[in-house]
Amino acid sequence: MQALLAVSRGIDRVTAVVGKAVIWLILLAVLVSAGNAISRKLFDLSSNAWLELQWYLFGAAFMGAAAYTLQQNEHIRIDVFYASRTRRTQHWIDLLGHILFLLPFAVLMAWLLWPYTIQAFRSGEISSNSGGLIIWPARAILLVGFILLVFQALAEIVKKIAVMRGLMEDPHPFISAQEQALQEVEELTAEVQAHSSEVKK
């Protein structure tokens, strides 16, 4: 199990590097969008290539961050049922969700996207829009994103089993929305009291 945990830590590191790096693609997409709008308004110059580049950049940011979002346990879940369960039951829900739903879906998507991407690369397929970009980078972004998600899902399964067996601390202890709100109120109250004490001095 320790060997699997070491592998999962390696996957976590790669996921974190990719997830933090793609943040900058959002800024780049905004700059491309602004530049395209300015050139269109001021100089009457525009191209579908710039518009499609924005989509590529946003898609790369979204797919590149998907595995990192999973690692940070930030994907949206419905707490109505989940929050009322014991922590052990929550672990089982997470584990079975990863094994039965997330992992098969991510593997299936990666498997389907591989020939789809290779075909576009070999044929040099180009967007049907006038002046559009080549297609294979967009498909490659999807493929890489799902491959990262497959590996991160495996890492999460290993870590979840280790937590349930008591081999490691829970990296993401569950806090309900109500508990989170109460915690924030307590922290804010403490800050206000500390500030009031400084003012009195």
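On a predicted model such as this, the values are computed, not experimentally measured, just so you know.

### Points about the pattern of salt bridges
Then comes step 1: Inspection of the entire model under this criterion finds four salt bridges.
Then comes step 2: Sharing partners across several salt bridges, the network here consists of Asp12, Glu156 and Lys159.

### Re the side chain of Ser8
Then comes step 1: With respect to the element layout, Ser8 can be found in helix α1 (residues 2-21).
Then comes step 2: Setting aside anything within four residues of it in sequence, one finds Ser8 in contact with Ala155, Val158 and Lys159.

### Points about a negative patch on the surface
Then comes step 1: Negative charge collects at one region of the surface, where Glu184, Glu186, Glu187 and Glu191 lie side by side.
Then comes step 2: Residue position: Glu186 is located in helix α7 (residues 177-200).

### Considerations on the packing of aromatic side chains
Then comes step 1: Counted according to the given criterion, the structure contains two aromatic pairs.
Then comes step 2: Both rings, one in Phe105 and one in Phe146, keep their centres 5.8 Å apart while their planes meet at 75°; by these two values the pair is edge-to-face. In this pair, Phe105 is assigned in helix α5 (residues 87-123) and Phe146 in helix α6 (residues 136-164), connecting sequence segments 41 residues apart.
Then comes step 3: Classification of Phe105 by relative accessible area gives partly exposed; the value is 45%.
Then comes step 4: Ring geometry for Phe121 and Trp136: centres 5.1 Å apart, planes at 85°, overall edge-to-face. With Phe121 in helix α5 and Trp136 in helix α6, the pair connects residues that are 15 residues apart, well separated along the chain.
Then comes step 5: When the ring centre of Tyr116 is taken as reference, the NZ or CZ atom of Arg139 above it lies at 3.6 Å.

### Remarks on unusual backbone geometry
Only a minority of non-glycine residues have a phi that is not negative, and only a minority of peptide bonds are not trans.
Then comes step 1: In this structure, Asn73 is a non-glycine residue whose phi angle is positive, near 60°.
Then comes step 2: Locating Asn73 in the fold gives a position in the loop between α3 (48-71) and α4 (79-82).

### A short note on α1
Then comes step 1: In this model α1 runs 29 Å from its N-terminal to its C-terminal C-alpha over 20 residues, within 8% of the 28 Å that 1.5 Å per residue would give.
Then comes step 2: Considered for burial, the residues of α1 that qualify are Leu5, Ser8, Ile11, Asp12, Thr15, Ala16 and Gly19. The arc that holds every buried residue of α1, seen down its axis, measures 140°, which confines them to one face. For α1, the exposed residues set more than 90 degrees away from the buried face come down to Ala3, Val7, Arg13 and Val17.
Then comes step 3: Summarising the contacts, the buried residues of α1 are in contact with α2 (23-43), α3 and α6.

### Digging into the packing of α1 against α2
In a pair of packed helices, the angle between the axes and the distance between the axes together describe the arrangement.
Then comes step 1: Put simply, α1 and α2 touch, their axes get as near as 4 Å, and they point 20° apart. Here α2 runs roughly parallel to α1, going by the angle between their axes. Contacts from Gly19, Lys20 and Ala21 in α1 reach Ile23, Trp24 and Leu25 in α2.
Then comes step 2: Here the contact of α1 with α2 is composed, by residue class, of four nonpolar, one polar and one charged.

### Some details on the environment of Leu142
Then comes step 1: Topologically, Leu142 is positioned in helix α6.
Then comes step 2: Leu142 sits 28 residues away from Trp114 along the chain, and the two C-alpha atoms are 9.5 Å apart.
Then comes step 3: For Leu142, the contacting residues outside a window of four places in its chain are Met63 and Leu113.

### Some points on a nonpolar patch on the surface
Then comes step 1: Taken together, the side chains of Ile23, Trp24, Leu27, Leu28 and Leu31 make up a nonpolar region of the molecular surface, amounting to roughly 550 Å² of accessible area.
Then comes step 2: Take Trp24: it is sitting in helix α2.
Then comes step 3: Residue class for Trp24 comes out exposed when judged on its relative accessible area of 61%.

### Points about the confidence of the model for the protein
Then comes step 1: Confidence in the prediction for the protein averages 86 pLDDT; 93% of positions are at 70 or higher.
Then comes step 2: Of all secondary-structure elements in the protein, the lowest mean pLDDT belongs to α4, at 70, while α6 reaches the highest, 93.

### Comments concerning the nonpolar core
Soluble globular proteins tend to bury their nonpolar side chains together.
Then comes step 1: Counting 18 residues, the largest nonpolar core has Leu70, Leu102, Leu103, Ala106, Phe146, Leu149 and Ala153 as its most contacted members.
Then comes step 2: Contributions of two or more residues to this core are made by α3, α5 and α6.
Then comes step 3: No other element matches α6, which puts eight residues into this core.
Then comes step 4: Discounting residues that sit within four places of it in the chain, Ala153 has contacts with Leu70, Leu102 and Leu103.

Parameters at a glance
Residues numbered from 1 in each chain as written. Predicted model: local features only at pLDDT ≥ 70, side-chain atom pairs only at ≥ 80, totals over all residues. Heavy atoms only, no water. Salt bridge = Lys/Arg side-chain N within 4 Å of Asp/Glu carboxyl O. Helix = DSSP H or I, 4+ residues; strand = E, 2+ residues; numbered from the N terminus. Contact = heavy atoms within 4.5 Å. Patch = residues over 30% accessible without salt bridge, like charges linked within 9 Å, V, L, I, M, F, W, Y side chains within 5 Å. Areas by Shrake-Rupley, 256 points an atom, 1.4 Å probe, with all protein chains shown as cover. Lys, Arg positive; Asp, Glu negative; His and termini not counted. Charge placed at Lys NZ, Arg CZ, Asp CG, Glu CD. Phe/Tyr/Trp six-rings, centres within 6.5 Å; stacked < 30°, edge-to-face > 60°. Buried < 20%, exposed > 50% of the residue type's maximum accessible area, 1.4 Å probe, protein only. Lys NZ or Arg CZ within 6 Å of the ring centre and 35° of its normal. Expected span 1.5 Å × (residues − 1). Arc of directions from axis to C-beta. Axes fitted to C-alpha atoms, helices over the stretch in contact; angles between N-to-C directions. Parallel < 35°, antiparallel > 145°, perpendicular 65-115°, else oblique. Nonpolar A, V, L, I, M, F, W, Y, C, P; charged D, E, K, R; others polar. pLDDT = per-residue confidence, 0-100. Core = buried A, V, L, I, M, F, W, Y, C linked by side-chain atoms within 4.5 Å.

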